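Descriptive structure summary
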2 protein chains.
Amino acid sequence: MLQKRIDDQPTISREMVREAQEILHRHLKRVGLKQTAQRDTILKTFLETRDHLSTDELHRLVQKKDAGIGYTTVYRTLKLLAECGLASEVAFHDGIARYEHQYNRRSHHHMVCTECGSSVEFFSQEVGELEQEIGRKYHYLTTRHTFQIYGICEECRKKSSRPV
Amino acid sequence: MLQKRIDDQPTISREMVREAQEILHRHLKRVGLKQTAQRDTILKTFLETRDHLSTDELHRLVQKKDAGIGYTTVYRTLKLLAECGLASEVAFHDGIARYEHQYNRRSHHHMVCTECGSSVEFFSQEVGELEQEIGRKYHYLTTRHTFQIYGICEECRKKSSRPV
DNA sequence: GCGAAGTTGAATTTCATTTTCAAGATGCAC
DNA sequence: GTGCATCTTGAAAATGAAATTCAACTTCGC
Ligand SMILES: [Mn+2]
Ligand SMILES: [Mn+2]
Ligand SMILES: [Zn+2]
Ligand SMILES: [Zn+2]
């Protein structure tokens, strides 16, 4: 699952992890839940990648840090992270839910290759403006939108024109 | 599942059904499959509604015409219709696959209420242009895109501000 | 009509997601 | 620090839409 990096975020720093954890902790307190080592480990692991991870994939990464953490806890923590804005779900239409972290990330969209599953991130202000415009027009209070482009990447086109 | 009608297609005519069936029949022949009464009934039923139907919902409608037609056949026929461009999948993010027919329909997008599930269709040329532009920029051969806006409709906002 | 090849629908399987539950951890009150 | 109500955890089970299987049936080229 390749992914071209087209903005300029450095690898996450210790400081950023701490700040993100504070956001989580405040959220937990607000809704009457408790801090746990598992939740912190999962958040930290999640911040360390810029990939679009399935629960299963994140679980595998988390297990390298603490083999005792179960799939269910990763699953539940991702929901919590989405609640407090640290994660968002991205549907690549491949039948599984993927998440990406939203801490210090510019809002962006994805173009996905339907052959190999790789994706490119791109930025477009227009799409967000369209959300506002259409919401106003039909009297919806809009909360979010999804926009994905599907196609075949250059690599895959080369491969299929030059078969083995 | 309400849906405002914002373009001007009349109810499907007998003539249109015939034309759409010809498209299906040509497709079947092309890929070495066979015409059946079930497939024709399913296509006809599908064309008669402008809703965004799950396989289950379409199956229920089809059964009113021919109670012997099974869920599996509806499921498989929807795939065939998508293959020949007569249907397209629309993901409203409610966990089930929905289809709408694409015979004599203007391309459009959807805004979905996350409270009641109702949807509004809207038209935007810009979105299609953006697909082209981004595809060119990153050397993808684009095939399609998805764009949905999520929010809360006027009805639902009224309801929640005036609780029983 | 014959027969090869495709179709059908009930039943089964698959598989990501969600729920359950009993044992363990957390954190507020004292 | 201790008590204890409440929340958390992870294995296992349940869920449910989607996909597959298979034996009986239909289609269609000859
Ligand atoms: Mn992304
Ligand atoms: Mn529509
Ligand atoms: Zn590719
Ligand atoms: Zn609504």
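What counts and how
Residues numbered from 1 in each chain as written. Chains lettered and ligands numbered in written order. Predicted model: local features only at pLDDT ≥ 70, side-chain atom pairs only at ≥ 80, totals over all residues. Heavy atoms only, no water. Helix = DSSP H or I, 4+ residues; strand = E, 2+ residues; numbered from the N terminus. Buried < 20%, exposed > 50% of the residue type's maximum accessible area, 1.4 Å probe, protein only. Contact = heavy atoms within 4.5 Å. Areas by Shrake-Rupley, 256 points an atom, 1.4 Å probe, with all protein chains shown as cover. Lys, Arg positive; Asp, Glu negative; His and termini not counted. Charge placed at Lys NZ, Arg CZ, Asp CG, Glu CD. Salt bridge = Lys/Arg side-chain N within 4 Å of Asp/Glu carboxyl O. Polar contact = N/O pair within 3.5 Å; in protein donor to acceptor, adjacent residues only side chain to side chain. Nonpolar A, V, L, I, M, F, W, Y, C, P; charged D, E, K, R; others polar. Pairing = 2+ DSSP bridges. Near = heavy atom within 4 Å. Least-squares fit on C-alpha atoms with pLDDT ≥ 70 in both. Donors = N, O, S within 2.8 Å, 3.2 Å for Na, K, Ca; no water. Domains from an automatic or database assignment. Buried area = accessible area lost by both parts, 1.4 Å probe.

**Some points on the overall build of chain A**
- On a plain count of helices and strands, chain A comes out with six helices and seven strands.
- Mapped from its N terminus to its C terminus, chain A presents α and β elements in the order β-α-α-β-α-α-β-β-β-β-α-β-α.
- Projected onto the principal axes, the alpha-carbon positions of chain A cover approximately 55 × 50 × 30 Å.
- Put simply, chain A has 164 residues, and 45% of those count as buried.
- Contacts in chain A between residues far apart in sequence, at least 24 positions, make up 54% of those at least 6 positions apart.
- Summed over its atoms, the accessible surface of chain A is roughly 9,300 Å², and 49% of this surface lies on carbon and sulfur atoms.
- Where the 26 positive side-chain charges of chain A centre and where its 23 negative ones centre are 3 Å apart.

**Observations concerning the interface of chain B and chain A**
- Contacts between chain B and chain A engage 37 residues on the former and 37 residues on the latter.
- The interface formed by chain B and chain A contains zero salt bridges.
- Counting the contacts that link chain B with chain A gives twelve residue pairs in polar contact (both at pLDDT 80 or more).
- Every element with two or more residues in the side of chain B that touches chain A is listed here: β2 (87-91), β4 (109-113), β5 (119-122), α5 (125-138), β6 (141-152) and α6 (154-161) of chain B.
- Of the residues that constitute the side of chain B that touches chain A, the class distribution is 18 nonpolar, twelve polar and seven charged.
- Pairing of strand β7 (residues 141-152) of chain A with β6 of chain B involves eleven bridges; the strand directions are antiparallel. Directly across from R144 of chain A, in β6 of chain B, lies its bridge partner Y150 of chain B.

**Overview of the protein's contact with DNA strand C**
- By nearness alone, 22 residues border DNA strand C, and Y75 of chain A together with T36, R39, T73 and R76 of chain B come closest of all.
- Take the atoms of DNA strand C that sit within 4 Å of the protein: sugar and phosphate atoms are 70% of them.
- A distance of 2.8 Å is found between a base oxygen of DNA strand C and a side-chain nitrogen or oxygen belonging to K34 of chain A.
- Within the backbone of G68 of chain B, an N or O atom sits 2.7 Å from a phosphate oxygen of DNA strand C.
- At the level of elements, α4 (71-83) of chain A together with α2 (37-47) and α4 (71-83) of chain B are the ones that each hand at least two residues to the surface near DNA strand C.

**Focus on the relation of the copies chain B and chain A**
- Mapping chain B onto chain A is achieved by rotating through 180 degrees and translating by 0.0 Å along the same axis, at an RMSD of 0.1 Å. The transformation relating the two chain copies, once decomposed into turn and shift, fits a two-fold axis. Minimal C-alpha separation from the rotation axis in chain B is found for F147 of chain B, amounting to 2.2 Å.
- When the interface residues of chain B are mapped onto chain A, 100% of them are again interface residues, pointing to one common binding face.

**Topic: the coordination of the manganese ion (ligand 1)**
Residues and elements named next belong to chain A.
- For the manganese ion (ligand 1), the full set of protein donor atoms is H52 (NE2), E100 (OE), H108 (NE2), H110 (NE2) and E121 (OE), at a range of 2.0 to 2.3 Å.
- Read in sequence order, the donor residues for the manganese ion (ligand 1) give the motif H-x47-E-x7-H-x1-H-x10-E. Here the residue H108 occupies a position in the loop between β4 (98-101) and β5 (109-113), and E121 occupies one in strand β6 (residues 119-122), the gap between them amounting to 13 residues.
- The class of H108 is buried, set by a relative accessible area of 10%.
- When its relative accessible area of 1% is taken as the criterion, E121 is described as buried.

**Considerations on the domain arrangement of chain A**
All names here are of chain A.
- Taken domain by domain, chain A holds domain 1 (12-105) and domain 2 (106-164).
- If you average the C-alpha positions of domain 1 and of domain 2, the two centres end up 23 Å apart.
- On the side of domain 2, nine residues touch domain 1, which itself brings nine residues to the contact.
- Between domain 1 and domain 2 lies a buried interface of about 690 Å² when both sides are counted; carbon and sulfur atoms form 48% of it.
- Counting the surface domain 1 buries against domain 2, the share from its top three residues, H52, F92 and R105, is 68%.
- At the junction of domain 1 with domain 2, the criterion picks out one salt bridge.
- Close ionic contact of R105 with E121 constitutes a salt bridge, the shortest N to O distance being 3.1 Å.
- At the surface where domain 1 touches domain 2, the tally comes to six residue pairs in polar contact (both at pLDDT 80 or more).
- Looking at the side of domain 1 that touches domain 2 residue by residue, the class counts come to three nonpolar, three polar and three charged.

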